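Residue strings, one per chain:
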Amino acid sequence: MDIEKKQPLSLENTREQILEMPAQEALDAIISHPKAGALVKSFSAQDLYFLIHEIGLDDCLPVLSLASTRQWQYLMDVDIWKNDRVDQKALVSWMDKMLAADPERLVKWMATVEADLLEMWMYENVSVLFLEHDQDPSELPEGYFSLDGAIYIKIKDSELTEDKNLPDLDDMTREILKLMAEMDYTYFHKMMFELHGVIPSETEENLFRIRNVRLAERGFTPPHEAAAIYQKLDAETLAHRPKKILAAQDGPGYAQPFLSNHFAKGENRFSQSLAAVDDPNIARLIQSEFAALCNQVIAADKVKLHSREDLQKFVKKTSGYLNMGLEEIREKTGEAPAASIRNHPLTEIFQAGFGLALNLKFKAQKWRRDSWFQKNGLPLSFWGEERLGVLGGLLLDKPLVYDNYQSGALYRDFSSRKDVEDCEKILDGIIALDGLFARMNCLKSLPDSKKLNCENLLLTPWANDLLGKGSVVEPLSLEGLKAFFQELFDPAEHMVRDSMKHKFLEWLALQTKRSPEEIGRTWGHALTGLFDSLEEQYGRVRLEALDSRYIHSVWVV
């Protein structure tokens, strides 16, 4: 697709159109552009990284040959490191692609800018012998080759040479060394001579430090520093902090990423607030700040992204917590969201949003430590599927919303105050039920059974009491269950009889030494949910069709 034939577009507009195309169309558009070199160099390194990975490393050579060495540097910085160690396989893959794209530039760049990386790679993969003036080359071990008759080189056997998915290490190394010797034989000789003095751990540590500095300029701070984004910050505290100063940085800087801001567009407070900023220069600065914030979140989560879909997930996560922060600031201070994004760093607004989820996590942790449920050694599954899902999400290091695949995943990140309120409502119900269990006389000791759950632990002793067996936590027979359900349900309405609800409250009042009115006020909502669940599951089931294998709300043998 030649987008230039439709109308003349600026590089910025052309770039944005290309980033929205499928991979093959994007590649065709770049190659056919009359200023393809300038176009590729105008991409932000981050956008180009995702574009190259979607096109595929084997098909992206035309794009890679047009990219700047600054963009090459970013590709290496992001992809060849695993934590604080160089991933030799990734390094070989990228060197092979760059060698195919522009061999002379690769060798010149690595010999000057990335000399330490080149030396360390040579040290790890190459053995070097210097031929004495009176020594016969035939005396050398097998496998060595020479470019000048004086320096003999052999590729070390390693997993890199055995991996069939990697390029031929021998051929690639020979080509690099040949080009190096042709470009500057003195440098080639010096490097081969100095390989014996390389200290890999020290070199790697220095490379990692310099790489972190470069990435920090784009928002990718080291993970232990980036993790500060998940600190809690109260909206009231934020209101008393100095306002941020929005000013363009001196110097050429980096091209602004398009994809992160493109994915942030939508029906959310942050994008709406950004659209309300009337000064385009201020808006661009906030967009750059948002892109850096996304990068910090990615760094803090220690993930490596390879596609636009991966990036979109993190943009959604980041904008979601910004939405929560903006909602919280407006609720607590009255400041409009459009003013908030101009007055406060986006990192602090993010922390104000994440703090809401963190408060809920701390509330769940504090309850759990001293809970009746914990003291009795019960598993989280005791609370049933939905409550288990909510608790499980809140107790993670970074709390999540239990979504039960409504948006395609079991858990997702918080994105609004409503998410927090919904989770807190369920958590409050769990805490209330736990307090009720702690006060019930019949639950002073529990039988050792994996079949116990929060519903059958309430209903089983009550059912036994109605059947004249006393308030004991013992399983009912199938006949006993039928008798209990016959008394519990109105067969015409398929609902729990109101009289039975009153009897249940009176029974709980005796068990907890509280009045029925107090039981209703304190635990009414949680108990209403219990009867709603019973009606939904068993209200329309005929008594003769009941099967103990599928009954979970009452303990049945």
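Now for a look at the structure at hand. (Residues numbered from 1 in each chain as written. Predicted model: local features only at pLDDT ≥ 70, side-chain atom pairs only at ≥ 80, totals over all residues. Heavy atoms only, no water.)

## A closer look at the overall build of the protein
Next up, step 1: Tallying secondary structure elements over the protein gives 28 helices and nine strands in all.
Next up, step 2: For a compact globule of 557 residues, the expected C-alpha radius of gyration is about 24 Å, and the protein comes in at 33 Å, more than 25% above that figure.
Next up, step 3: Principal axes of the C-alpha set define a box for the protein whose edges measure 105 × 65 × 45 Å.
Next up, step 4: Here the protein holds 557 residues, and the buried ones make up 48% of them.
Next up, step 5: In the protein, the share of contacts with a sequence separation of at least 24, taken over all contacts with a separation of at least 6, comes to 70%.
Next up, step 6: For the protein, the accessible area works out to roughly 27,700 Å², and carbon and sulfur atoms hold 49% of it.
Next up, step 7: Positive and negative charge centroids in the protein, built from 65 and 88 side chains respectively, lie 7 Å apart. (Helix = DSSP H or I, 4+ residues; strand = E, 2+ residues; numbered from the N terminus. Rg over C-alpha atoms; globule rule 2.2 N^0.38 Å. Buried < 20%, exposed > 50% of the residue type's maximum accessible area, 1.4 Å probe, protein only. Contact = heavy atoms within 4.5 Å. Areas by Shrake-Rupley, 256 points an atom, 1.4 Å probe, with all protein chains shown as cover. Lys, Arg positive; Asp, Glu negative; His and termini not counted. Charge placed at Lys NZ, Arg CZ, Asp CG, Glu CD.)

## Examining the state of the cysteines
Next up, step 1: Across all of its chains, the model carries zero disulfides by this definition.
Next up, step 2: Just so you know, Cys442 is unpaired, no disulfide at all, and the nearest cysteine sulfur is the one on Cys454, 15 Å from it.
Next up, step 3: Accessibility expressed as a relative area gives 3% for Cys454, which makes it buried. (Disulfide = S-S within 2.5 Å.)

## A look at the side chain of Glu204
Next up, step 1: Of note, Glu204 is situated in helix 13 (residues 200-216).
Next up, step 2: If we ignore the near neighbours within four places in the chain, the residues touching Glu204 are Trp81, Asp84, Arg85, Val86 and Met120.

## Digging into the sheet that holds strand 5 (residues 151-155)
Next up, step 1: The sheet built from three strands is open, its strands ordered 3-5-4 with antiparallel pairing. Only two strands of the sheet have a single partner each, and these edge strands are strand 3 (126-130) and strand 4 (145-146).
Next up, step 2: Bridge count between strand 4 and strand 5: two bridges; the pairing is antiparallel. Bridge pairing links Phe145 to Ile153 in strand 5.
Next up, step 3: Where helix 9 (residues 115-125) meets the sheet, it contacts strand 3 and strand 5, and its direction lies at approximately 85° from that of strand 3.
Next up, step 4: Helix-sheet contacts for helix 12 (residues 185-194) involve strand 3 and strand 5, and the interaxial angle to strand 5 is about 60°. (Pairing = 2+ DSSP bridges. Axes fitted to C-alpha atoms, helices over the stretch in contact; angles between N-to-C directions.)

## Digging into empty space enclosed by the protein
The probe, sized like a water molecule, is rolled over the atoms to show the empty space still left.
Next up, step 1: Going through the model one piece at a time under the given rule, you end up with two cavities of 30 Å³ or more.
Next up, step 2: Approximately 60 Å³ is the volume attributed to the largest cavity.
Next up, step 3: Gln73, Met76, Asp77, Ile80, Trp81, Glu114, Leu117, Leu207, Arg211 and Arg214 are the residues that line the largest cavity.
Next up, step 4: Only helix 6 (69-79) and helix 13 provide two or more residues apiece to the lining of the largest cavity.
Next up, step 5: Partitioning the lining of the largest cavity into residue classes produces five nonpolar, one polar and four charged.
Next up, step 6: In terms of lining, the second largest cavity is formed by Arg387, Leu433, Cys454, Glu455, Leu458, Ala526, Gly529 and Leu530.
Next up, step 7: With three residues, the single largest contributor to the lining of the second largest cavity is helix 28 (residues 516-538).
Next up, step 8: Residue composition of the lining of the second largest cavity, grouped by class: five nonpolar, one polar and two charged. (1 Å grid on protein atoms, 1.4 Å probe; cavity = no way out; pocket = protein on both sides within 12 Å on 5 of 7 lines; lining within 4 Å. Points joined across faces, edges and corners; volume = space filled by probe spheres on them. Nonpolar A, V, L, I, M, F, W, Y, C, P; charged D, E, K, R; others polar.)

## Section: the nonpolar core
Next up, step 1: One finds Met122, Met180, Phe270, Trp383, Phe437 and Leu458 to be the most contacted residues of the largest nonpolar core, which totals 170 residues.
Next up, step 2: Setting aside residues up to four positions removed in sequence, Phe270 forms contacts with Ala264, Ile286, Phe290, Leu322, Asn323, Leu326, Ile341 and Leu346. (Core = buried A, V, L, I, M, F, W, Y, C linked by side-chain atoms within 4.5 Å.)

## Digging into the packing of aromatic side chains
Next up, step 1: This model, assessed by the stated rule, comprises 29 aromatic pairs.
Next up, step 2: Here the aromatic rings of Trp72 and Trp109 are separated by 6.1 Å at their centres, their planes lie at 70°, and the arrangement is edge-to-face. Separated by 37 residues along the polypeptide, Trp72 in helix 6 and Trp109 in helix 8 (residues 103-112) bring together distant segments of the chain.
Next up, step 3: When its relative accessible area of 0% is taken as the criterion, Trp72 is described as buried.
Next up, step 4: One aromatic cluster in this structure is built from Trp462, Phe484, Phe485, Phe489, Phe504, Trp507, Phe531 and Tyr538. (Phe/Tyr/Trp six-rings, centres within 6.5 Å; stacked < 30°, edge-to-face > 60°.)

## Thoughts on the packing of helix 21 (residues 346-369) against helix 24 (residues 417-439)
Next up, step 1: One way to put it is that helix 21 packs onto helix 24 with a least axis distance of 10 Å and a crossing angle of 10°. Between helix 21 and helix 24, the interaxial angle falls into the category roughly parallel. Contacts from Leu356, Leu360, Lys363, Ala364 and Trp367 of helix 21 reach helix 24 at Arg417, Val420, Cys423, Glu424, Leu427, Asp428, Ile430, Ile431 and Asp434.
Next up, step 2: Along the lines of polarity and charge, the residues of the contact of helix 21 with helix 24 split into nine nonpolar, no polar and five charged. (Parallel < 35°, antiparallel > 145°, perpendicular 65-115°, else oblique.)

## Looking at the pattern of salt bridges
Next up, step 1: Counted by the stated rule, this structure contains 31 salt bridges.
Next up, step 2: Between Glu327 and Arg269 there is a salt bridge, and its shortest N-O distance comes to 3.6 Å. Of this pair, Glu327 sits in helix 19 (residues 308-333) while Arg269 sits in helix 17 (residues 269-275), and the two are 58 residues apart along the sequence.
Next up, step 3: Using a relative accessible area of 18% as the deciding quantity, one classes Glu327 as buried.
Next up, step 4: Owing to a relative accessible area of 33%, Arg269 belongs among the partly exposed residues under this scheme.
Next up, step 5: A single salt-bridge network, built from bridges that share partners, covers Glu236, Glu328, Lys332, Arg417 and Glu421. (Salt bridge = Lys/Arg side-chain N within 4 Å of Asp/Glu carboxyl O.)

## What about the layout of surface pockets?
Next up, step 1: Size it by volume and the second largest pocket reaches roughly 760 Å³.
Next up, step 2: Taken together, 24 residues line the second largest pocket, and the ones lying closest to its centre are Glu386, Arg387, Glu455, Gly529 and Ser533.
Next up, step 3: When residues of the lining of the second largest pocket are traced back to their parent elements, those giving at least two are helix 23 (384-394), helix 24 and helix 28.
Next up, step 4: Residue composition of the lining of the second largest pocket, grouped by class: seven nonpolar, ten polar and seven charged.

## As for unusual backbone geometry
Next up, step 1: Of note, the phi angle at Asn83 is positive, near 55°, even though the residue is not glycine.
Next up, step 2: Here Asn83 lies in the loop between strand 1 (81-82) and strand 2 (85-86).
Next up, step 3: Judged by its relative accessible area of 65%, Asn83 is exposed.
Next up, step 4: A positive phi is found at Asn404, a non-glycine position, where the angle reads about 50°.

## Some details on helix 26 (residues 478-488)
Next up, step 1: The complete set of buried residues in helix 26 reads Gly480, Leu481, Lys482, Phe484, Phe485 and Leu488.
Next up, step 2: Against helix 25 (456-466), strand 8 (489-490), strand 9 (495-496), helix 27 (498-512) and helix 28 lie the buried residues of helix 26.

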